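Given next are the chains, with one letter for each unit.
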Amino acid sequence: MKCLNIGLIESEAVIETLREEVFIMCQSDHPDILRLEEVYESPDQIYLVLALMKGGDMFDRLDATAEFRYGEKQAANIVKQMMGAVRYLHTHKVVHRDLKLGMFYFE
């Protein structure tokens, strides 16, 4: 679960933009994109119930590998999944704007 503290945000326009992003997440349906299961909102918080990803993020996985790298076949498979997810977003007119190793998770 991820909690977004909207009580600290003074601008209603920023809160509305955040709600729009959550709405986009709710509509995303791709096997390589983290699934947003439920959304709850209180006056001060937005609660996002996300699919459980026990495998950690890509940065942690890479850090745990010998020599801090993947083999060619493993890297090709991972990049194919990453680009498939990005392509899905782009075809739905969504740009991620914060792609980094810590944003890619493993089941």
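Undergrad: Residues and numbers for the layout of surface pockets, please.
TA: Any empty space left between atoms is shown by rolling a water-sized probe over those atoms. As a volume, the largest pocket reaches approximately 1,600 Å³. Considering the residues around the largest pocket, the lining is formed by 39 residues, among which Met25, Ile33, Leu34, His96 and Met103 are closest to the centre. Secondary-structure elements contributing two or more residues to the lining of the largest pocket are strand S1 (2-5), helix H1 (12-27), strand S3 (45-50) and helix H3 (72-91). Ranked by residues supplied to the lining of the largest pocket, first place goes to H3 with six residues.

Undergrad: I'd like a rundown of the nonpolar core, residues and numbers included.
TA: Counting eight residues, the largest nonpolar core is built from Leu4, Ile6, Ile15, Leu18, Val22, Leu36, Ile46 and Leu48. Listed by contribution, the elements that provide at least two residues to this core are H1 and S3. Other than its neighbours up to four places away in sequence, Leu4 contacts Leu18, Asp44, Gln45, Ile46 and Leu48.

Undergrad: Which residues make up the sheet that holds S3, and what are the values?
TA: Here three strands make up an open sheet; going across it, the order is S1-S3-S2 and the pairing antiparallel. Both edges of this open sheet fall to S1 and strand S2 (36-41), since each of them pairs with a single strand only. Adjacent strand axes in the sheet meet at a mean angle of 15 degrees when their direction is disregarded. Across five bridges, the pairing between S2 and S3 is antiparallel. Pairing of Tyr40 across the sheet is with Tyr47, part of S3.

Undergrad: Can you lay out the side chain of His30 for me, pointing to particular residues and giving the numbers?
TA: Relative to the helices and strands, His30 is located in the loop between H1 and S2. A polar atom in the side chain of His30 sits 3.0 Å from the backbone nitrogen of Asp32. In this structure, His30 is in contact with Gly84, Ala85 and Tyr88, ignoring residues within four places of it in sequence.

Undergrad: Explain the pattern of salt bridges to me, and be specific about the residues and the numbers.
TA: Per the counting criterion, the structure on display carries six salt bridges. Note that Lys100 and Asp98 form a salt bridge whose closest N and O atoms lie 3.6 Å from each other. For Lys100, a relative accessible area of 44% translates into the label partly exposed. With relative accessibility at 36%, the residue Asp98 sits in the partly exposed group. Salt bridges here are not isolated pairs; linked through shared partners, they connect Glu12, Glu16, Arg19 and Glu41.

Undergrad: So, the state of the cysteines: which residues are in play, and what are the values?
TA: Under the criterion given, the structure shown has zero disulfides. Cys3 carries a free sulfur, and the closest cysteine sulfur to it, the one in Cys26, is 15 Å from it. Looking at Cys26, the relative accessible area reads 42%, which means it is partly exposed.

Undergrad: Got a sec to walk through the side chain of Gln45? Specific residues and values, please.
TA: With respect to the element layout, Gln45 can be found in strand S3. The class for Gln45 is buried, based on a relative accessible area of 18%. Non-local contacts of Gln45, meaning those with residues more than four positions away in its chain, are made with Cys3, Leu4, Asn5, Ile6 and Tyr40.

Reading the values: the criteria
Residues numbered from 1 in each chain as written. Predicted model: local features only at pLDDT ≥ 70, side-chain atom pairs only at ≥ 80, totals over all residues. Heavy atoms only, no water. 1 Å grid on protein atoms, 1.4 Å probe; cavity = no way out; pocket = protein on both sides within 12 Å on 5 of 7 lines; lining within 4 Å. Points joined across faces, edges and corners; volume = space filled by probe spheres on them. Helix = DSSP H or I, 4+ residues; strand = E, 2+ residues; numbered from the N terminus. Core = buried A, V, L, I, M, F, W, Y, C linked by side-chain atoms within 4.5 Å. Buried < 20%, exposed > 50% of the residue type's maximum accessible area, 1.4 Å probe, protein only. Contact = heavy atoms within 4.5 Å. Pairing = 2+ DSSP bridges. Axes fitted to C-alpha atoms, helices over the stretch in contact; angles between N-to-C directions. Polar contact = N/O pair within 3.5 Å; in protein donor to acceptor, adjacent residues only side chain to side chain. Salt bridge = Lys/Arg side-chain N within 4 Å of Asp/Glu carboxyl O. Disulfide = S-S within 2.5 Å.

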